[in-house]
Amino acid sequence: GSATLSMAYAGAKFGNAVLCGLAGEENEECAYVLRDEAEGAKLPYLASKVTFGAAGVMKAAPIEGLNEYEQKRYEECLTQLKGEIDAGLEFAATTELAK
């Protein structure tokens, strides 16, 4: 259905951004990436605009320019997201994928 089509489209856009970047054509696309603590990231992983280039991820854009309502909602989401990220990291650390 429409969810499958939406996921396929998102995957195609992401794949195209990565491959174009690796080919030397810098471009931006939204992606869920490891964040740099030095940038003041509140979580280790977060989705944002990412610049892809020949070496892969060149830069993840900071979360900024939020209005008061958006900032409040963002802060509310961080607690739940942190729990989900921590659970995923714990699972990955204790699970060996089938080869």
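Here the structure is shown first, and the text comes after it.
My aim in this report is to walk through the structure given alongside it, one point at a time.

Definitions and cut-offs
- Residues numbered from 1 in each chain as written.
- Predicted model: local features only at pLDDT ≥ 70, side-chain atom pairs only at ≥ 80, totals over all residues.
- Heavy atoms only, no water.
- Pairing = 2+ DSSP bridges.
- Helix = DSSP H or I, 4+ residues; strand = E, 2+ residues; numbered from the N terminus.
- Axes fitted to C-alpha atoms, helices over the stretch in contact; angles between N-to-C directions.
- Contact = heavy atoms within 4.5 Å.
- Core = buried A, V, L, I, M, F, W, Y, C linked by side-chain atoms within 4.5 Å.
- Buried < 20%, exposed > 50% of the residue type's maximum accessible area, 1.4 Å probe, protein only.
- Salt bridge = Lys/Arg side-chain N within 4 Å of Asp/Glu carboxyl O.

1. So, the sheet that holds strand β1 (residues 27-34)
Taken together, the three strands give an open sheet; going across it, the order is β1-β2-β3, and neighbouring strands pair in antiparallel fashion. Sheet topology places β1 and β3 (56-60) at the edges, where each strand pairs with a single neighbour. Strand-to-strand twist across the sheet, computed as the mean angle between neighbouring axes with direction ignored, equals 50 degrees. Relative to strand β2 (residues 45-53), β1 runs antiparallel, the two being bridged by eight bridges. Among the inter-strand pairings, E29 is bridged to a residue of β2, identified as V50. Docked against the sheet, helix α1 (residues 2-22) engages β1, β2 and β3, running at close to 105 degrees with respect to β1.

2. Some details on the environment of L43
Assignment of secondary structure puts L43 in the loop between β1 and β2. Residues L43 and I85, 42 residues apart in the sequence, show an inter-C-alpha distance of 8.4 Å.

3. Some thoughts on the nonpolar core
Counting six residues, the largest nonpolar core is built from A17, A31, V33, V50, F52 and A60. Going through the elements one at a time, β1 and β2 are the ones with two or more residues in this core. Apart from the residues lying within four places of it in its own chain, the contact partners of F52 are F14, A17, V18, G21, E25, E26, N27, E29, A31, V57 and M58. In this structure, L46, Y74, L78 and I85 belong to the second largest nonpolar core, which totals five residues.

4. Concerning the pattern of salt bridges
Under the defined criterion, the tally for this structure stands at five salt bridges. One salt bridge connects E75 with K42, and the closest N-O pair in it is separated by 2.7 Å. With E75 in helix α2 (residues 68-94) and K42 in the loop between β1 and β2, this pair connects stretches of sequence that are 33 residues apart. Via salt bridges that share partners, K72, R73 and E76 belong to a single interconnected network.

5. Quick look at the environment of P62
Of note, P62 is situated in the loop between β3 and α2. The exposure class of P62 is partly exposed, given its relative accessible area of 42%. The spatial distance from the C-alpha of P62 to the C-alpha of R35 is 9.2 Å, given a sequence separation of 27 residues.

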